[in-house]
Amino acid sequence: MKQKQLCCPICHGNKAEIAGENVKISGRFEDKEFLTTPLTVLQCMQCGYYMFFEKSAQFTEKNS
Ligand SMILES: [Zn+2]
């Protein structure tokens, strides 16, 4: 298990809430369809940006 310091790529905030777990995203690119492995979706509490992580990732919590 790896630990990851949460950091929003947009506002560099470190607070996020879980918006979804075991989320699979499907899409289409040109003539190919794809489906991701289960992801954890976090939403930045500062700017609302959605971040997608592999289910195995763990996060450290930092309270300011
Ligand atoms: Zn943010």
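Use the structure listed above.
All figures in this text were calculated on a predicted structure; none of them were measured in a lab.

A word on the overall build of the protein
Line of reasoning, step 1. Secondary structure summary: the protein contains zero helices and seven strands in total.
Line of reasoning, step 2. Listing every helix and strand of the protein by position from the N terminus yields β-β-β-β-β-β-β.
Line of reasoning, step 3. Burial analysis of the protein (64 residues in total) assigns 6% to the buried set.
Line of reasoning, step 4. Summarising the internal contacts of the protein: among those between residues at least 6 apart in sequence, 52% fall at separations of at least 24.

Some remarks on the pairing of strand E6 (residues 50–54)
Line of reasoning, step 1. By the bridge criterion, five bridges tie strand E5 (residues 39–44) to E6 in an arrangement that is antiparallel. Opposite Thr40, over in E6, you have Phe53 as the bridge partner.
Line of reasoning, step 2. Where E5 folds back on E6, the antiparallel hairpin that results is connected by five residues, among which Gly48 adopts a positive phi of roughly 85°.

Quick word on the environment of Pro38
Line of reasoning, step 1. Within the element layout of this structure, Pro38 appears in the loop between strand E4 (32–35) and E5.
Line of reasoning, step 2. Given 13 C-beta atoms within a 10 Å radius, Pro38 is considered partly exposed.
Line of reasoning, step 3. For Pro38 and Lys24, which are 14 residues apart along the polypeptide, the C-alpha to C-alpha distance reads 4.9 Å.
Line of reasoning, step 4. Leave out the neighbours within four places in its chain, and Pro38 touches Asn22, Val23, Lys24 and Lys55.

What about the sheet that holds E5?
Line of reasoning, step 1. One open sheet holds the three strands; their spatial order is E2-E5-E6, and the pairing between them is antiparallel. Looking at which strands have only one partner, the edges of the open sheet turn out to be strand E2 (16–23) and E6. Direction aside, the axes of adjacent strands within the sheet are offset by 25° on average.

Some details on the environment of Ala16
Line of reasoning, step 1. When you line up the elements, Ala16 lands in strand E2.
Line of reasoning, step 2. Residue contacts for Ala16: discarding those within four places in its chain leaves Leu6, Cys8, Leu42, Gln43, Cys44, Met45 and Met51.

Focus: the pairing of E5
Line of reasoning, step 1. Where E2 lies against E5, five bridges are found, and the strand directions are antiparallel. Of the residues in E5, the one forming a bridge with Glu17 is Gln43.

A look at unusual backbone geometry
Line of reasoning, step 1. Residue Asn22 is not a glycine yet carries a positive backbone phi of 55°.
Line of reasoning, step 2. Following the sequence through the fold, Asn22 ends up in strand E2.

Conventions used here
- Residues numbered from 1 in each chain as written.
- Predicted model: local features only at pLDDT ≥ 70, side-chain atom pairs only at ≥ 80, totals over all residues.
- Helix = DSSP H or I, 4+ residues; strand = E, 2+ residues; numbered from the N terminus.
- Buried ≥ 20, exposed ≤ 12 C-beta atoms within 10 Å, placed from the backbone.
- Contact = placed C-beta atoms within 7 Å.
- Pairing = 2+ DSSP bridges.
- Axes fitted to C-alpha atoms, helices over the stretch in contact; angles between N-to-C directions.

Nothing here speaks to function; it is all geometry.
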